Amino acid sequence: MRQTSSASPARQIKLKSPREIGFMRDAGRLVAQALDRVKQLAVPGSTTAEMDEAVESLFREHDAIPLFRNYPNSQRGKPAFPAVICASVNEAVVHGIPNRRPLKEGDVVSIDTGCRLNGWCGDAAVTLPIGEVEPDVLKLLQVTKDTLDLAVRAMGRCRTWSEVAGLMEQYVKSQGMAVVEKFVGHGIGQAMHEEPQVPNFVSKALRKNDIRLEPGLVLAIEPMVALGTKNVDVLGDHWTVVTKDRRFSAHFEHTVAMTIDGPIILTLLED
Ligand code: MG
């Protein structure tokens, strides 16, 4: 969860040591476990509130701090985020608030969550189909996941993030879909949101101030893809971001560390 903001002055990227990346792997594994629990609840009739409770109790069992609850609203005076997960259904792109409405066959739900474990953060998201979904929606999920996977692979051979972002953007376009540009990925470490901003497209700010892909860089990479327009609205709850045309969108995210041996996904269950 991070909105694009105007370029920050004197960007401070904090590179992590192998030992610190090890701590982040522990946090990342717990986030992966959380999403795995959610997957088991992704059936018709279950609710996003139940998913939220499942993740909250897992984090509690491990003495991990949920990162999303009480996250301040970017709109002044509006409520902080009330839950441990973001649950964004169908046309919702990101930042949906869990609720007691039963999910139904044909829905998709994007679940995003993060925690801090022993001082270090992990952040990941998946979009899950509920029962059988329309073929174009299934393709949307696959394209979004493939965009994340190709970005991680490309980090191993590209020198800068703009090269990776260009490949992501190109791939999504080639599939007749659109990258949502209003939100971007981010650096992550002891804080959930660190420098730099990590767009899923080649932004002007990125062209001016590119990110060198060097060992110790840890990024939360999170493509958001829409079937129709890339433009979005924020609903009256001051959080839920939906596509302007209300067509479906998807969101996948991993926390990824650059090492001397190449990129490593930290938010996986197994090595
Ligand atoms: Mg994130």
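So, a few notes on the structure that sits alongside this text.

1. Brief notes about the overall build of the protein
Now for step 1: Counting its secondary structure elements, the protein contains five helices and 15 strands.
Now for step 2: At 17 Å, the protein has a C-alpha radius of gyration in line with the 18 Å of a compact globule built from 271 residues.
Now for step 3: For the protein, the proportion of its 271 residues judged to be buried stands at 54%.
Now for step 4: Considering only intrachain contacts with a sequence separation of at least 6, the fraction spanning at least 24 residues in the protein is 71%.
Now for step 5: A total of about 12000 Å² of accessible surface is found on the protein, and carbon and sulfur atoms cover 50% of it.

2. Quick notes on the packing of helix 3 (residues 135-155) against helix 4 (residues 161-174)
Now for step 1: Contact geometry for helix 3 and helix 4: axes closest at 9 Å, N-to-C directions at 155°. Relative to helix 4, helix 3 is oriented roughly antiparallel. Two packed elements cross with a definite hand, and for helix 3 against helix 4 that hand is right-handed. From helix 3, Val143, Asp146, Thr147, Leu150, Ala151, Ala154 and Met155 reach across to helix 4, where they touch Trp161, Val164, Leu167, Met168, Tyr171 and Val172.
Now for step 2: Considering only residue class, the contact of helix 3 with helix 4 consists of eleven nonpolar, one polar and one charged.

3. A short note on the pairing of strand 5 (residues 120-129)
Now for step 1: Counting buried residues along strand 5, nine of its ten residues qualify, which places the element largely inside the surrounding structure.
Now for step 2: Of the pairings in the sheet, the one linking strand 4 (residues 108-117) to strand 5 comprises ten bridges and is antiparallel in character. Within strand 5, the position partnered with Gly114 by the bridge is Asp123.
Now for step 3: The turn joining strand 4 and strand 5, which pair antiparallel and follow one another in sequence, is formed by two residues; a positive phi near 50° is taken by Asn118.

4. Considering the coordination of the magnesium ion
Ideal geometry at a metal centre: 109.5 degrees between donors when four sit tetrahedrally, and 90 or 180 degrees when six sit octahedrally.
Now for step 1: Every protein donor of the magnesium ion is listed here as Asp123 (OD), His186 (NE2), Glu222 (OE) and Glu253 (OE), and their distances to the metal cover 2.2 to 2.4 Å.
Now for step 2: Donor residues binding the magnesium ion come from one chain and are separated in sequence as D-x62-H-x35-E-x30-E. Separated by 67 residues along the polypeptide, His186 in strand 7 (residues 185-187) and Glu253 in the loop between strand 13 (249-251) and strand 14 (254-259) bring together distant segments of the chain. Here the two residues His186 and Glu253 agree in accessibility, since each one is buried.

5. Details of the packing of helix 1 (residues 18-40) against helix 2 (residues 48-61)
Now for step 1: Where helix 1 contacts helix 2, the axes come no closer than 9 Å and their chain directions differ by 150°. Classified by chirality, the crossing of helix 2 by helix 1 is right-handed. In contact with Leu30, Gln33, Ala34, Arg37 and Val38 of helix 1, helix 2 contributes Met51, Ala54, Val55, Ser57, Leu58, Phe59 and Glu61.
Now for step 2: Here the residues of the contact of helix 1 with helix 2 sort into eight nonpolar, two polar and two charged.

6. Let's talk about the sheet that holds strand 9 (residues 218-221)
Now for step 1: Ordered in space as 8-7-9-14-15, the five strands form an open sheet in which the pairing is antiparallel. For this open sheet the edge positions go to strand 8 (194-198) and strand 15 (262-265), each flanked by a neighbour on one side alone. Put simply, the sheet's adjacent strands are angled 25° from each other on average, direction ignored.
Now for step 2: Across three bridges, strand 7 lies against strand 8 in antiparallel orientation.

7. Quick word on a negative patch on the surface
Now for step 1: Where like charges cluster on the molecular surface, the negative patch consists of Glu105, Glu132, Glu134 and Asp136.
Now for step 2: By the secondary structure assignment, Asp136 is in helix 3.
Now for step 3: Note on Asp136: relative accessible area 39%, which makes it partly exposed.

8. A closer look at the packing of aromatic side chains
Now for step 1: This structure, assessed with the given rule, holds one aromatic pair.
Now for step 2: Judged by centre distance (5.2 Å) and plane angle (85°), the rings of Phe81 and Trp239 are edge-to-face. Of the two residues, Phe81 sits in the loop between strand 1 (65-66) and strand 2 (85-89) while Trp239 sits in the loop between strand 11 (232-234) and strand 12 (241-243), which places them 158 residues apart along the sequence.
Now for step 3: Since its relative accessible area comes to 7%, Trp239 is described here as buried.

Rules and cut-offs
Residues numbered from 1 in each chain as written. Predicted model: local features only at pLDDT ≥ 70, side-chain atom pairs only at ≥ 80, totals over all residues. Heavy atoms only, no water. Helix = DSSP H or I, 4+ residues; strand = E, 2+ residues; numbered from the N terminus. Rg over C-alpha atoms; globule rule 2.2 N^0.38 Å. Buried < 20%, exposed > 50% of the residue type's maximum accessible area, 1.4 Å probe, protein only. Contact = heavy atoms within 4.5 Å. Areas by Shrake-Rupley, 256 points an atom, 1.4 Å probe, with all protein chains shown as cover. Axes fitted to C-alpha atoms, helices over the stretch in contact; angles between N-to-C directions. Parallel < 35°, antiparallel > 145°, perpendicular 65-115°, else oblique. Left-handed = near helix turned anticlockwise from the far one by under 90°. Nonpolar A, V, L, I, M, F, W, Y, C, P; charged D, E, K, R; others polar. Pairing = 2+ DSSP bridges. Donors = N, O, S within 2.8 Å, 3.2 Å for Na, K, Ca; no water. Patch = residues over 30% accessible without salt bridge, like charges linked within 9 Å, V, L, I, M, F, W, Y side chains within 5 Å. Salt bridge = Lys/Arg side-chain N within 4 Å of Asp/Glu carboxyl O. Lys, Arg positive; Asp, Glu negative; His and termini not counted. Charge placed at Lys NZ, Arg CZ, Asp CG, Glu CD. Phe/Tyr/Trp six-rings, centres within 6.5 Å; stacked < 30°, edge-to-face > 60°.

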